[in-house]
Amino acid sequence: GPPRRGYASDLLSALVNGPGLSALTKAVGYSVLLVVPVWHNTLENWSWGAQFALFFVVDDFCRYWLHRWYHKSEWLWRVHRVHHGVTKMDSLSLLRVHVLEGAVKNFLIALPFQIMGLNHTVIAVYLVIDVLKGFWHHANFKTYIGPLNYLIVSAELHWWHHSADRPGNNSNFGSKIALWDWLFGTAYWPRGTWPEAIGVKEMENFSTDYVRQFCSIWFDDKSLIDRLKLRRPKEQEK
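Residues numbered from 1 in each chain as written. Predicted model: local features only at pLDDT ≥ 70, side-chain atom pairs only at ≥ 80, totals over all residues. Heavy atoms only, no water.

(A) Here's a closer look at the pattern of salt bridges. The final tally for this structure, using the stated rule, is 8 salt bridges. The partner of D221 in a salt bridge is R81, and the shortest N-O contact between them spans 2.7 Å. Pair noted here: D221 is in helix α11 (residues 221–237) and R81 is in helix α4 (residues 74–84), with a separation of 140 residues, a long-range link. Here D221 falls in the partly exposed class, since its relative accessible area comes to 29%. The class for R81 is buried, based on a relative accessible area of 0%. For K222, the salt bridge identified is with D226, shortest N-O distance 3.3 Å. Linking K222 with D226, this pair stays in helix α11, spanning 4 residues, or about one helical turn. Judged by relative accessible area, K222 falls into the exposed class, the value being 61%. Its relative accessible area of 35% is what places D226 among the partly exposed residues. (Salt bridge = Lys/Arg side-chain N within 4 Å of Asp/Glu carboxyl O. Helix = DSSP H or I, 4+ residues; strand = E, 2+ residues; numbered from the N terminus. Buried < 20%, exposed > 50% of the residue type's maximum accessible area, 1.4 Å probe, protein only.)

(B) Spatial organisation of the packing of aromatic side chains. Per the stated rule, a full pass over the model turns up 17 aromatic pairs. Ring geometry for F52 and F56: centres 5.9 Å apart, planes at 35 degrees, overall tilted. Taken together, the residues span about one helical turn, with F52 and F56 both in helix α3 (residues 48–72) at a distance of 4 residues. Accessibility assignment for this pair places F52 and F56 in one class, buried. An aromatic cluster is defined as three or more aromatic residues linked by ring pairs; in this entry it consists of W48, F52, F55, F56, F113 and Y126. When the ring centre of W75 is taken as origin, the NZ or CZ atom of R78, which lies over that ring, is 4.1 Å away. For K176, the ring lying beneath its charged end belongs to F56, and the centroid distance is 6.0 Å. (Phe/Tyr/Trp six-rings, centres within 6.5 Å; stacked < 30°, edge-to-face > 60°. Lys NZ or Arg CZ within 6 Å of the ring centre and 35° of its normal.)

(C) Representation of a nonpolar patch on the surface. Together, F61, W65, L179, L183 and F184 make up a nonpolar patch on the protein surface, roughly 450 Å² of accessible area in all. Elements with a minimum of two residues in the nonpolar patch: α3 and α9 (179–183). By relative accessible area, which is 35% here, W65 ends up partly exposed. (Patch = residues over 30% accessible without salt bridge, like charges linked within 9 Å, V, L, I, M, F, W, Y side chains within 5 Å. Areas by Shrake-Rupley, 256 points an atom, 1.4 Å probe, with all protein chains shown as cover.)

(D) Highlighting the nonpolar core. Counting 14 residues, the largest nonpolar core has F55 and L118 as its most contacted members. Looking at this core, the elements that each hand over two or more residues are α3 and α7 (120–138). With sequence-adjacent residues up to four places away left out, F55 is seen in contact with D60, A110, F113, L118, V122, I123 and Y126. (Core = buried A, V, L, I, M, F, W, Y, C linked by side-chain atoms within 4.5 Å. Contact = heavy atoms within 4.5 Å.)

Taken by themselves, the reported measurements are silent on function.
Here's what the structure looks like:
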């Protein structure tokens, strides 16, 4: 709620990334996607369920590797770092993302499917599931699904991905299917425990100002940490 540090900024981010710019970019991206000509109706004779299953698995696989790339590439990390700047998990924190982050996820991954004649409602239904999943992963209450963590990315796994400490923050890159993390050695599930600290090490005072969050991508981690240390007294006064 409002007493949480950065709540007002996250609310603004929610408005921008929800019905604002994000919705606009998704609408534009989706509209552009629809005008891309179908080169070959590869999927035309597939049932809706088969099309959805194919898109779900392939998209999730691509998102897993994209997410890992966001953490390994310095420039992509600067963009993704805005989301990891949250220090308290709640559903609103889901929408603290840089507006540049969604282009690949919402357009490029789906492009080959458009070319192959994917039913357009498949993507629409998938996006609804994706949003609901995101709210669950970031909600400020703890849920347990036990052995299903080997199959499904749960809030329990995703909270560890947001941990300020390793190995948690270098694991659990999956979006919905946990199998990728288990197959490629990036799964981390200390059963029955949750991370003590959320965020990025030494960036606990990550700016709560939306414009500064947007501009933070100009700085690498060391430079940003130095700037945050200089601002720390003013932040603590608040």
